[in-house]
Amino acid sequence: FGGLTTNSLYSWDPAAGPLSSAKTVVHDDYRLWWIDTFAWANDGSVWVTTNRLNKYFFGGMDFSGASGPNFRIVRIEVGTNSYMSHGSEQVA
């Protein structure tokens, strides 16, 4: 799951304990603003979209591009496939 206020992607196994036991997979203050859409690849990675909607809501989104992109598509290596993939085996 994405940490909207922490610019992070987390992994949580409900069998391992409460949500507070979630582990940080990756943290990136530059590329991972407001992670909101996830798409699993069967190669051990997940694709996410990130955006600066928080800036838009408060009137600070830069549409000139001078401060960087407002939207991104990012591939993140996570070392596993989706729980919905056949077998859910670990990727080497």
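Procedures and definitions
Residues numbered from 1 in each chain as written. Predicted model: local features only at pLDDT ≥ 70, side-chain atom pairs only at ≥ 80, totals over all residues. Heavy atoms only, no water. Pairing = 2+ DSSP bridges. Helix = DSSP H or I, 4+ residues; strand = E, 2+ residues; numbered from the N terminus. Axes fitted to C-alpha atoms, helices over the stretch in contact; angles between N-to-C directions. Core = buried A, V, L, I, M, F, W, Y, C linked by side-chain atoms within 4.5 Å. Buried < 20%, exposed > 50% of the residue type's maximum accessible area, 1.4 Å probe, protein only. Contact = heavy atoms within 4.5 Å.

Asks: Got a minute to help me understand the sheet that holds strand E5 (residues 45-51) in this structure?
Replies: As a general point, the strands of a sheet are linked pairwise by backbone hydrogen bonds and lie either parallel or antiparallel. One open sheet accounts for three strands, arranged E4-E5-E6; its pairing is antiparallel. On the outer flanks of this sheet lie strand E4 (37-40) and strand E6 (71-77), each paired with one strand and no other. Put simply, the sheet's adjacent strands are angled 20 degrees from each other on average, direction ignored. Pairing analysis gives seven bridges linking E5 to E6, with the strands arranged antiparallel. Its bridge partner lying in E6, Val48 is registered against Val74.

Asks: Got a minute to help me understand the nonpolar core in this structure?
Replies: One finds Leu9, Leu32, Ile35, Val46, Val48, Val74 and Ile76 forming the largest nonpolar core, which totals seven residues. Elements represented by at least two residues in this core include exactly E5 and E6. With near-sequence residues (within four places) excluded, Val46 lies in contact with Leu9, Phe38, Ala39, Trp40, Val74, Arg75, Ile76 and Val78.

Asks: Teacher, can you tell me more about unusual backbone geometry here?
Replies: Glycine aside, negative phi is the norm for most residues, and most peptide bonds take the trans geometry. For Asn7, which is not glycine, the phi torsion reads 55 degrees and is therefore positive. Its location among the elements puts Asn7 in the loop between strand E1 (2-3) and strand E2 (8-11). Located in the positive-phi region is Trp34, a residue other than glycine, with phi close to 50 degrees. Along the chain, the position of Trp34 falls in the loop between strand E3 (23-27) and E4.

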